[in-house]
Amino acid sequence: MSIVLAETMGIWEKITYYLGFPFVRYALVVGCLVALCSSLLGVTLVLKRYSFIGDGLSHVAFGVMAVAAVMKLSNQTVLVMPVTILAAILLLQTGEKARVKGDAAIAMVSVSSLAIGYMLMNVFSQSANVSGDVCSTLFGSTSILTLTEAEVTISVVLSAIVILLFVYLYNRIFAVTFDETFVRATGMPARGYNLIIAVIIAVIIVLGMNLVGSLLISALVIFPALSAMRLMHTFRGVVILSAIMSFIAAFIGMMISILGSTPVGATIVSVDLVVYLACLVIGRVARR
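Basis of the calculations
Residues numbered from 1 in each chain as written. Predicted model: local features only at pLDDT ≥ 70, side-chain atom pairs only at ≥ 80, totals over all residues. Heavy atoms only, no water. Helix = DSSP H or I, 4+ residues; strand = E, 2+ residues; numbered from the N terminus. Buried < 20%, exposed > 50% of the residue type's maximum accessible area, 1.4 Å probe, protein only. Contact = heavy atoms within 4.5 Å. Areas by Shrake-Rupley, 256 points an atom, 1.4 Å probe, with all protein chains shown as cover. Core = buried A, V, L, I, M, F, W, Y, C linked by side-chain atoms within 4.5 Å. Patch = residues over 30% accessible without salt bridge, like charges linked within 9 Å, V, L, I, M, F, W, Y side chains within 5 Å. Salt bridge = Lys/Arg side-chain N within 4 Å of Asp/Glu carboxyl O. Expected span 1.5 Å × (residues − 1). pLDDT = per-residue confidence, 0-100. Axes fitted to C-alpha atoms, helices over the stretch in contact; angles between N-to-C directions. Parallel < 35°, antiparallel > 145°, perpendicular 65-115°, else oblique. Left-handed = near helix turned anticlockwise from the far one by under 90°. Nonpolar A, V, L, I, M, F, W, Y, C, P; charged D, E, K, R; others polar.

Asks: Talk me through the overall build of the protein; I want residue IDs and the actual numbers.
Replies: Along its length, the protein carries 13 helices and zero strands. When the helices and strands of the protein are read in sequence order from the N terminus, they spell out α-α-α-α-α-α-α-α-α-α-α-α-α. In the protein, which comprises 288 residues, the proportion classed as buried is 45%. Residue pairs at least 24 apart in sequence account for 75% of intrachain contacts in the protein once pairs closer than 6 positions are excluded. Per element, the accessible surface of the protein, about 15,100 Å² overall, is 69% carbon and sulfur.

Asks: Let's hear about the environment of V34: which residues, and what values?
Replies: Within the secondary structure, V34 is located in helix α2 (residues 22–47). Along the primary structure V34 and S246 are separated by 212 residues, whereas in three dimensions their C-alpha atoms are 9.4 Å apart.

Asks: Go over the nonpolar core with me, naming the residues and quoting the values.
Replies: Formed by 65 residues in total, the largest nonpolar core has its most connected members in L41, V43, L57, F166 and I201. Per-element tally for this core: the top contributor is helix α10 (residues 190–212), with 13 residues. Contact partners of L57, with chain neighbours within four places excluded, come to T84, A87, A88, L91, I201, A202 and I205. Membership of the second largest hydrophobic core comes to five residues, among which are L216, F223, V269 and Y276.

Asks: Explain a nonpolar patch on the surface to me, and be specific about the residues and the numbers.
Replies: Together, I240, I244, F247, I248, F251, I252 and I256 line one region of the surface with nonpolar side chains, adding up to about 600 Å² of accessible area. Of note, I240 is situated in helix α12 (residues 235–260).

Asks: Talk me through helix α3 (residues 53–70); I want residue IDs and the actual numbers.
Replies: In a regular helix each residue adds 1.5 Å, so 18 residues correspond to 26 Å; α3 covers 26 Å between its end C-alpha atoms and thus fits that length. Phi turns positive, to about 60 degrees, at K72, one or two residues after α3.

Asks: Requested: an account of the confidence of the model for the protein, with residues and values cited.
Replies: Parts of the model with low pLDDT should not have their predicted coordinates read in detail. Looking at the protein, the pLDDT average stands at 76 and 77% of residues meet or exceed 70. Here residues 95–100 scores under 50 on pLDDT; set against residues more than four positions off or in separate chains, the count is five contacts.

Asks: Any chance you could break down the packing of α2 against helix α11 (residues 217–229) for me, citing the residues and the numbers?
Replies: Contact geometry of α2 with α11 gives a least axis separation of 7 Å together with a crossing angle of 65 degrees. Here α2 is positioned roughly perpendicular relative to α11, judged by the angle of their axes. Handedness of the crossing formed by α2 with α11: right-handed. Facing α2, whose interface residues are V34, S38, S39, G42, V43, L45, V46 and L47, α11 presents L220, V221, I222, P224, A225, L226 and M229. Looking at the contact of α2 with α11, its residues break down into twelve nonpolar, three polar and no charged.

The following block contains the structure:
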C-alpha cells in the first residue's frame, strides 16, 4: 500500500512540476479546447454520414501546408485556413446533381491532396529529414509544446467563436442534422446552415492538426460522438457527454504523453479508443 501511495505521490509531483512550465499549460489549454470543439460537430457529422469529412479536410490541409512550405510562408495558416474552408464548403455543399457525390468526393480529394502534398515535400523540401517532417505532420508533432502566447490567444479566440456559434445555432444544427428536407420546406436557409457547419469544421481541422496530425484529427471528431451514443439517447445528451469525454480524454492523453514521452496525437487517440470501448461495454450491460 505504501509503495502504491509513494508512486502516486511521485506522479503527482511530476505533474505539478511540469505544470509549472508555461509551454505545458499553453499546450493543455489549446489541446483541450480543440478536442472540445471537435466533439461538438462530431455528432452531426456521424448522423449525416459525413464521418470521413475530417480525413478529407485534414489531407487537404496537409497538401496546402506543403504548398505553403514550398512558397516559404512564415505563417502557413494564412494559406491553409482559407483553402481548407473552401474545400469544406465544396464537399458539404455537394448536391444531388453532382457527378461525384458524398463519400466518393471526400475519398478523391483526400487521396489526391495527400499524394500531392507528399510529392511537393519530397521534391522541394529544404530539410535534411523529409521523412521526419512528413511523419510529424501526419501523426502530430511536438509543435503543440512550442506554442507562443500569440498562437494560444488565436486558438482560444477561434475556439470560443466555434463554441458560441454552436450554442447560438444549436436548434438549427439539430434540425439540419435530422431532416434537411423539412428545414428547406419551412423556408429556413438549410444551405446557409450547412455552410456555417462546413466553415466551423474546417477551422477545427486546422487547429487540431498541430495536436494530433492530419491522419488522426478525424478521431477527435468521431470517437467522442460514438462513445456518447453508446450511453445517451437524445441529441442534446449525446452532444454534452461527447464534449465532456473529449475534453477529459484530451487532458489525460496529453498528461500521459508529457509524463511518458509518448507521441501526443497517438496517445490522445488511444485514450479516446479506450473510452469508446468502455462506453461500448457499459452500454451493452445497461441494455441487458
